[in-house]
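Residue-level structure breakdown
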Amino acid sequence: MARPAKLGLRMFDPVAQATRDAIEMAEPELLAKPELRNQEFILSYPAFEIDFESAAELPFAMDPQSSPKTMFLNLKDEAEPLAKNRLLAVQLKKHILQRSNMGDAISSLLASKLSTPDLPEEGLFELFQTTMIKNPLLVSHMVQDLLWMREIDPATSSYLHPFLNFKGFHAVQTQRIAHALWTSQSSDEADKMIALTLQSRAAELFGVDAHPGAVLRHGIMLDHATGVVIGETATIGHHCYILHGVTLGATGKSGAFDRHPKIGNRVKIGAGAMVLGNIQVEDDAVLGASSVVTVPIGSGETVVGINRVLGSKEKAESSAKGHNMLTWMYQI
């Protein structure tokens, strides 16, 4: 898919980027704001968080597919013929066909999955729905996740499949909701406890233990997802691909609060890799399967083993031997 060479400054204007989708989801008070009252909504609702350092690199920025309304219509189109099957009909009708937007659809699905006798489904749905309305970027980030999975994963042949079935996708959406509760200016101790409860429930159900304090940007895929651990002060940039068993953790040394890795944009992390400590892994880095990383990694570098950064000669030799970078096979 073609990427825009450069985004105009207009794309950074949150007022100009607000659309009917955002307004329909927003609280009624938003419509009374003077700057929005007579606004002409001519651009798509932003499907990415505004990031001034890397905005020119963001894919899909001008793609109409990035609209939450368009994505929801895609899901409905894919769901309708399958709803004729009685085994699929209940979940498809409940979570998609009887819903009116992406926010309600994911709220319904997550509430159904995360609910327990002590966490009633109706209460979770209302909480998720309210959080989505207050934080519309949660919806746009989710859309970017689906677009990214469809692009990077050969096993993803539709949007419906990951939406319904990928536990890594569900874990990421749950963490972002928990993060919104954790960081809200109006957050109280009850909100923080709910956020931690969602972390615990997601770890039980999806096998992903992601603290609500962590920051997860848009376009993230946790492939297979089982055993992924993301610490409280970790960050993950946009369009990252992370396999199962990955730990973004601390070193175990006491004292510092900011103790977890900062993962850049478009980083790929192989299965079982451990990234420990408050270190920077810069954009486009590749961390090989089962690697252990405790030192900063530069942009575009490849790491294997324990902190071993492959030089250009080694990468060229691996490529010549047929060890394509996408295979996770390296000579160590």
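Only a predicted model underlies this, so the values are computations on that prediction, with no experimental measurement involved.

1. Focus on the side chain of Asp 153
- Take Asp 153: it is sitting in the loop between α8 (137-152) and α9 (160-165).
- No salt bridge is formed by the buried Asp 153; the nearest opposite charge belongs to Arg 150, separated by 9.7 Å.
- Separated by 2.8 Å, the side chains of Asp 153 and Thr 156 make a polar contact.
- In contact with Asp 153, not counting residues within four places along its chain, are Phe 166, Met 221 and Asp 223.

2. Focus on the packing of aromatic side chains
- Under the definition given, this model contains one aromatic pair.
- Between Phe 163 and Phe 169, the aromatic rings sit 6.0 Å apart at their centres with planes inclined by 50 degrees, giving tilted as the arrangement.
- One Lys or Arg, Arg 150, reaches over the ring of Tyr 159 and ends 4.9 Å from the middle of that ring.

3. Regarding the pattern of salt bridges
- Applying the stated rule across the entire model yields seven salt bridges.
- A salt bridge links Arg 176 to Asp 145; the nearest nitrogen and oxygen atoms lie 2.7 Å apart. One end of the pair, Arg 176, is in helix α10 (residues 167-183); the other, Asp 145, is in helix α8, with 31 residues separating them in the sequence.
- Accessibility expressed as a relative area gives 0% for Asp 145, which makes it buried.
- Here the residues in one salt-bridge network are Arg 266, Asp 283 and Asp 284, joined through shared partners.

4. Side note on helix α5 (residues 86-97)
- With twelve residues, α5 extends only 14 Å from end C-alpha to end C-alpha; this falls clearly short of the ideal 16 Å at 1.5 Å per step.
- Contacts made by the buried residues of α5 are with α4 (68-82), α6 (102-114) and α9.
- Its side-chain oxygen 2.8 Å from the backbone nitrogen of Leu 87, Asn 85 forms the N-cap of α5.

5. A few points about the sheet that holds strand β2 (residues 215-216)
- Across the sheet, four strands lie side by side as β2-β5-β8-β11; this open sheet has parallel pairing. The open sheet has two edge strands, β2 and β11 (280-281), and neither has a second partner.
- By the bridge criterion, two bridges tie strand β8 (residues 262-263) to β11 in an arrangement that is parallel. Residue pairing across strands places Lys 262 opposite Gln 280, the latter belonging to β11.

6. Thoughts on the nonpolar core
- Ile 96, Met 102, Phe 128, Phe 163, Leu 248 and Ile 269 are the most contacted members of the largest nonpolar core, which has 74 residues in total.
- Non-local contacts of Phe 128, meaning those with residues more than four positions away in its chain, are made with Ser 107, Leu 110, Ala 111, Leu 114, Ile 177 and Leu 198.

7. Comments concerning the confidence of the model for the protein chain
- Looking at the protein chain as a whole, the pLDDT averages 83, with 74% of positions reaching at least 70.
- In this model residues 1-31 is a low-confidence stretch, pLDDT under 50, and it forms 63 contacts with partners more than four residues away in sequence or in other chains.
- Per-residue pLDDT stays below 50 along residues 35-62; that stretch engages in 82 contacts with residues further than four places along the chain or on separate chains.

8. Digging into the side chain of Thr 174
- Mapped onto the elements, Thr 174 comes out in helix α10.
- Beyond its immediate sequence surroundings of up to four residues, Thr 174 is in contact with Leu 110, Leu 114, Leu 198, Ala 202 and Phe 206.

9. Overview of the environment of Gly 168
- Within the fold, Gly 168 resides in helix α10.
- Residue Gly 168 is classed as buried on the basis of its relative accessible area of 2%.
- In the structure, Gly 168 is positioned 54 residues away from Leu 222 in sequence and 4.8 Å away in space, judged by C-alpha atoms.
- With residues near it in sequence (within four places) discarded, Gly 168 still touches Leu 222 and Ala 225.

10. A closer look at the sheet that holds strand β13 (residues 292-293)
- Within the open sheet, the five strands sit side by side as β1-β4-β7-β10-β13. Their pairing is parallel. Looking at strand neighbours, the two that pair on one side only are β1 (208-210) and β13, the edges of this open sheet.
- In terms of strand pairing, strand β7 (residues 247-249) meets strand β10 (residues 274-276) through three bridges, oriented parallel. Across the sheet, Leu 248 pairs through a bridge with Val 275, a residue of β10.

11. A word on the packing of helix α7 (residues 121-134) against α10
- With their axes 10 Å apart at the nearest point, α7 and α10 run at an angle of 70 degrees to one another. Considered as vectors, α7 and α10 are oriented roughly perpendicular to each other. In this structure, α7 uses Leu 127, Phe 128, Thr 131 and Met 132 to contact α10, whose residues at the interface are Ile 177, Ala 180 and Leu 181.

12. Describing the pairing of strand β6 (residues 240-243)
- Across the two faces of β6 the burial is the same, with Cys 240 and Ile 242 and Tyr 241 and Leu 243 all buried.
- Examined bridge by bridge, β6 and strand β9 (residues 268-269) share two bridges and lie parallel to one another. Residue pairing across strands places Tyr 241 opposite Lys 268, the latter belonging to β9.

13. Re the pairing of strand β3 (residues 220-223)
- Along β3, one buried face is formed by Ile 220 and Leu 222 and the opposite face, lined by Met 221 and Asp 223, is buried too.
- Pairing analysis gives four bridges linking β3 to β6, with the strands arranged parallel. Bridging across to β6, Met 221 finds its partner in Tyr 241.

About the thresholds
- Residues numbered from 1 in each chain as written.
- Predicted model: local features only at pLDDT ≥ 70, side-chain atom pairs only at ≥ 80, totals over all residues.
- Heavy atoms only, no water.
- Helix = DSSP H or I, 4+ residues; strand = E, 2+ residues; numbered from the N terminus.
- Buried < 20%, exposed > 50% of the residue type's maximum accessible area, 1.4 Å probe, protein only.
- Lys, Arg positive; Asp, Glu negative; His and termini not counted.
- Salt bridge = Lys/Arg side-chain N within 4 Å of Asp/Glu carboxyl O.
- Polar contact = N/O pair within 3.5 Å; in protein donor to acceptor, adjacent residues only side chain to side chain.
- Contact = heavy atoms within 4.5 Å.
- Phe/Tyr/Trp six-rings, centres within 6.5 Å; stacked < 30°, edge-to-face > 60°.
- Lys NZ or Arg CZ within 6 Å of the ring centre and 35° of its normal.
- Expected span 1.5 Å × (residues − 1).
- Pairing = 2+ DSSP bridges.
- Core = buried A, V, L, I, M, F, W, Y, C linked by side-chain atoms within 4.5 Å.
- pLDDT = per-residue confidence, 0-100.
- Axes fitted to C-alpha atoms, helices over the stretch in contact; angles between N-to-C directions.
- Parallel < 35°, antiparallel > 145°, perpendicular 65-115°, else oblique.

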